[in-house]
Amino acid sequence: MVRMWGFRPPACLGGMTPDDWPLIDRYLAGAATPDEARRMEAWLAADPARRAWLDAVRARVAAGEAWNVDAAWARVAARTTRADRVRPLGRPDVRPDRTTWRTGWRVAASLALVAGAGAAWRAGWLAPRSGARVEQVAMREVVAPRGGRATLRLPDGTQVKLNAGSRLRYAAAGFGAGDRDVWLEGEGYFEVRHDAAHPFRVRAHGGVAEDLGTRFVVRAYPEAPRLEVMVAEGRVALRRAVAGGDSAVLGAGQLGTLAAVGAPVVSDDAHAERYLGWTTGVLVLDDVPLADALPQLERRYDVTIALADRTLGARRVAARFRDQSVAEALDALALALGARYERHGQLVTFHAAEARR
Amino acid sequence: MSSPLPVRPDDVRDLVDRIRAGDGGAFEALFRAHYGPLCGFATRYVRDPALAEELVQDLFADLWAKRRAWEPRTSVRAYLFAAVRNRALNLRARQAVESDWLDRETVAEVRTLHHEPPPADEVLASAELHARLDAALESLPERCRLVMRLRWREQLGYAEIAEIMGISAKGVENQLSRGLKMLRGVLKDRG
């Protein structure tokens, strides 16, 4: 793309001179007062070359790079509980790693009681080594980067897709020889090779979804303390991980929900595409409050979204995104919400439209 | 452009206290919030993204191990960026490769830009704008580019940047003034 523009005759705009560098500096640093920002905007609007110049400066000096924070965090978390060094990073998106049940994983919920007070138990990886008697099993972990997805085939032939920012763990050696247990944080789609002798179970949020011959999605994000299972084909059994609870068998098109307490709830009228859409690259928001949709949008586009006006969070959104860029998706959202947004790198702030500067 | 990153000192204070008390969730939040920017910054020194990542991960692992003694003086971000710079400089000193990085950071390259000012009616393709900006940036010392990055990408204050780079606040102002004037020179309208 080559855009052409001509130079305009000099114009005096809002008292800004070309050498008013502190103003440009504060504008670029996000520290300009509303009045300064207005002066700067007027100066930029007077000549397309100025806007292009500023964008180019930003692209050079303030451009963001992509880093796989999830994988990096997994490594640091592992190092904080293990004396030995973790092996070097493999491929950036699908990261096999030796680790233990204790490191960075919610299945270690029982450790909460051992680790003691405060939020220290949260991820389990702070549990004192001596305090926990947990079977040492070498686990393999796969992390789908924010802004992307991961596809993998387990040793037993099961096909898995992981949604943005989700992670899956399974035994690094001998998977498929006995019971096939995998641990999920986030959202995964499973196309299981059914084998009644070696049950396939997805464990997440204290629940278990067991394959009875099927394709299904399990959703268990940290921000929502419930396990949801949407069955695309076949049947899935849903129950609590601890023994003695009720179990529900879900058929195709049925949604099973397991909350923090109570028996599994089965629903027949759930919107299947809302759960299955991402497996084909579609993000479906079907009339949900913006606040509920934010985590999905943040993971999908690898941005952090803030709401300057809290009332925005209650506004409902219906949207379908497939190939849209971040900017297109944000534009569409702003339009639908009657809001506007500012974007600084990965940070996006939505403002109610009436609160114009 | 009215809303810079909201940094509320109380929250940051609280975060530090929680980490010192052994709160893993707070530590993870700190890591996730700063990992990318710190890696980008470190890469400017060590030139190798993988090495930069290793350096930043080492920093956080050490920080956790020594969390009880952690006492950032001014801001948490300034502490983290300063620690990354120190480690990067140490790494380079240990490796003793190429010329001393501090020299490269401090001494301006003497190359000048050789281009005629375009006629007033000349049209400029965006490719040329980009090439000239690259040339302008190239002519600036690395320290100046780093200060601009900390200011415009990380949106840090003068005092924080001064702490990170080991220079005075006046020095930060000088670097920004010099850098911006050089970049401003690329845009030929004198509006």
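Reading the values: rules and limits
- Residues numbered from 1 in each chain as written.
- Chains lettered and ligands numbered in written order.
- Predicted model: local features only at pLDDT ≥ 70, side-chain atom pairs only at ≥ 80, totals over all residues.
- Helix = DSSP H or I, 4+ residues; strand = E, 2+ residues; numbered from the N terminus.
- Buried ≥ 20, exposed ≤ 12 C-beta atoms within 10 Å, placed from the backbone.
- Contact = placed C-beta atoms within 7 Å.
- Core = buried A, V, L, I, M, F, W, Y, C linked by C-beta atoms within 7 Å.
- Expected span 1.5 Å × (residues − 1).
- Pairing = 2+ DSSP bridges.
- Axes fitted to C-alpha atoms, helices over the stretch in contact; angles between N-to-C directions.
- Arc of directions from axis to C-beta.

(A) Here's a closer look at the overall build of chain B. Regarding its fold elements, chain B presents nine helices and zero strands. Overall, chain B shows an N-to-C arrangement of helices and strands of α-α-α-α-α-α-α-α-α. Counting over 191 residues, chain B shows a buried share of 36%. For chain B, long-range pairs separated by at least 24 residues make up 67% of all intrachain contacts whose partners lie at least 6 apart in sequence.

(B) Expanded view of the nonpolar core. Counting residues in each nonpolar core, the largest one holds 100 residues, and the members touching the most others are Phe216(A), Val218(A), Val229(A), Leu38(B), Ala42(B), Val56(B) and Val84(B). Element by element, the count of residues in this core is highest for helix 2 (residues 24-46) of chain B, at eleven residues. Not counting the four nearest positions on each side in its chain, Val229(A) is found in contact with Ala209(A), Phe216(A), Val218(A), Val236(A), Leu238(A), Leu250(A) and Gly256(A). Core analysis: the second largest hydrophobic core is formed by 16 residues, Leu283(A), Leu294(A), Leu307(A) and Phe321(A) among them.

(C) View of the environment of Pro225(A). Residues and elements named next belong to chain A. Among the secondary structure elements, proline 225 is positioned in the loop between strand 7 (207-220) and strand 8 (227-240). A residue is classified by how many C-beta atoms lie within 10 Å of it, and proline 225, with 11 of them, is exposed. Here the alpha-carbon distance between proline 225 and histidine 205, two residues 20 residues apart in the chain, equals 6.7 Å. Sequence-distant contacts of proline 225, that is, excluding residues within four places in its chain, are made with His205 and Ala260.

(D) Just helix 8 (residues 326-337) of chain A, in detail. Taking 1.5 Å per residue as the helical rise, helix 8 of chain A with its twelve residues ought to reach 16 Å, and the 16 Å between its terminal C-alpha atoms agrees with that figure. After helix 8 of chain A finishes, the residue Gly338(A) shows a positive phi value of roughly 65°.

(E) Looking closely at the sheet that holds strand 13 (residues 304-307) of chain A. All names here are of chain A. Spatial ordering of the open sheet is given by 13-16-15, a layout of three strands whose pairing is mixed. Two strands lie at the open edges of the sheet, namely strand 13 and strand 15 (339-344), each paired on one side alone. Direction aside, the axes of adjacent strands within the sheet are offset by 25° on average. Running over the sheet, helix 8 touches strand 15 and strand 16 (347-352) and is turned about 150° from strand 15.

(F) Layout of helix 3 (residues 48-61) of chain A. All names here are of chain A. Helix length check: helix 3 (14 residues) gives 20 Å between terminal C-alpha atoms against 20 Å at 1.5 Å per residue, within 8%. Of the positions making up helix 3, those classed as buried are Ala49, Arg50, Trp53, Val57 and Val61. Here the buried residues of helix 3 occupy an arc of 100° about the axis, which is enough to place them on one side.

(G) Up close: the environment of Ala332(A). Tracing the chain through its elements places Ala332(A) in helix 8. Sequence-distant contacts of Ala332(A), that is, excluding residues within four places in its chain, are made with Ala319(A) and Gln324(A).

(H) Here's a closer look at the pairing of strand 10 (residues 255-258) of chain A. Residues and elements named next belong to chain A. Where strand 8 lies against strand 10, four bridges are found, and the strand directions are antiparallel. Bridge assignment links methionine 230 to a residue of strand 10, and that residue is leucine 255. Strand direction decides the pairing type here: strand 10 and strand 11 (residues 265-267), joined by three bridges, are antiparallel. Within strand 11, the residue paired with glycine 256 across the bridge is valine 266. As consecutive antiparallel partners, strand 10 and strand 11 are separated by six residues, and within that stretch glycine 262 has a phi angle of approximately 95°, a positive value.

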